[in-house]
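Fold and geometry: a report
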Amino acid sequence: MQISYTPNFQGKLPRQVLEKYIAEKIPISDIAKRENLSLPYISKRFKAEGLKPVNKHTLKNKTLTDSIRTMLLKGLSPRFIADFLECHRDTVYRIKSKLNIKQTNSTLRKIKQMIEQGCSSKEIQETLGISPKELSNHIANNKLKSPQRIKREKILEMFKKGYTDEQIAKEFNDSITAIATRRRRYNGKKK
């Protein structure tokens, strides 16, 4: 649809032109620049015609919200999303809570898998590149059993079943002396 009109004709923008700008999602600040008119005047024209102009900030926030929603649903971490979209991490968390998106942290998911595989805390920290404090926070906040606790429970179970120190040491790739020390610490009898 081609509209021919003279810009600034008698200081008034026709309704058709305003509707065209709305359809093209052109923010009111850009309209003022294009038409070489003041922002308050453009606002009054929209109000007089009963139209709602496109706000630059609303447009930006809507696309940001859509982008964050899409990325969260793909399973990307808030830290990555914030870095990628060049926004603050709190913005991502605020939008996440506003949209009520439940997301399992990919780091947490990897930690759970590695604990189930029997990896030590040190192996988990090195593989995922996280600090000991971050690992302990994940374990505490999600009510997980630490790798050391799981290992301790397995060793105690093997003690009860009658395994020798040599067998347990071989199973956990540990020294016989370390297993013997654990047996004494756990009040087990030496075998």
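Residues numbered from 1 in each chain as written. Predicted model: local features only at pLDDT ≥ 70, side-chain atom pairs only at ≥ 80, totals over all residues. Heavy atoms only, no water.

Thoughts on helix α11 (residues 165-172)
Those residues of α11 not exposed but buried are Asp-165, Ile-168, Ala-169 and Phe-172. For α11, the arc enclosing every buried residue in end-on projection is 100 degrees, short of the 170-degree limit, so these residues lie on one face. α11 presents Lys-170 and Glu-171 as exposed residues on the side facing more than 90 degrees away from its buried surface. Check the buried side of α11 and you find it contacts α10 (147-161) and α12 (176-185). Following α11 by one or two positions, Asn-173 adopts a phi angle in the positive range, close to 55 degrees. (Buried < 20%, exposed > 50% of the residue type's maximum accessible area, 1.4 Å probe, protein only. Helix = DSSP H or I, 4+ residues; strand = E, 2+ residues; numbered from the N terminus. Arc of directions from axis to C-beta. Contact = heavy atoms within 4.5 Å.)

Here we look at the environment of Glu-166
Inspection of the secondary structure puts Glu-166 in helix α11. The exposure class assigned to Glu-166 is partly exposed, which follows from its relative accessible area of 43%. C-alpha separation for the pair Glu-166 and Ile-179, spaced 13 residues apart in sequence, amounts to 8.2 Å.

Observations regarding the pattern of salt bridges
In this structure the tally under the stated criterion is six salt bridges. Between Arg-69 and Asp-66 there is a salt bridge, with its nearest N and O atoms 3.1 Å apart. Taken as a pair, Arg-69 and Asp-66 lie in helix α4 (residues 56-73) at a separation of three residues, close to a single helical turn. A relative accessible area of 34% places Asp-66 in the partly exposed class. Between Glu-157 and Lys-161 there is a salt bridge, with its nearest N and O atoms 3.3 Å apart. (Salt bridge = Lys/Arg side-chain N within 4 Å of Asp/Glu carboxyl O.)

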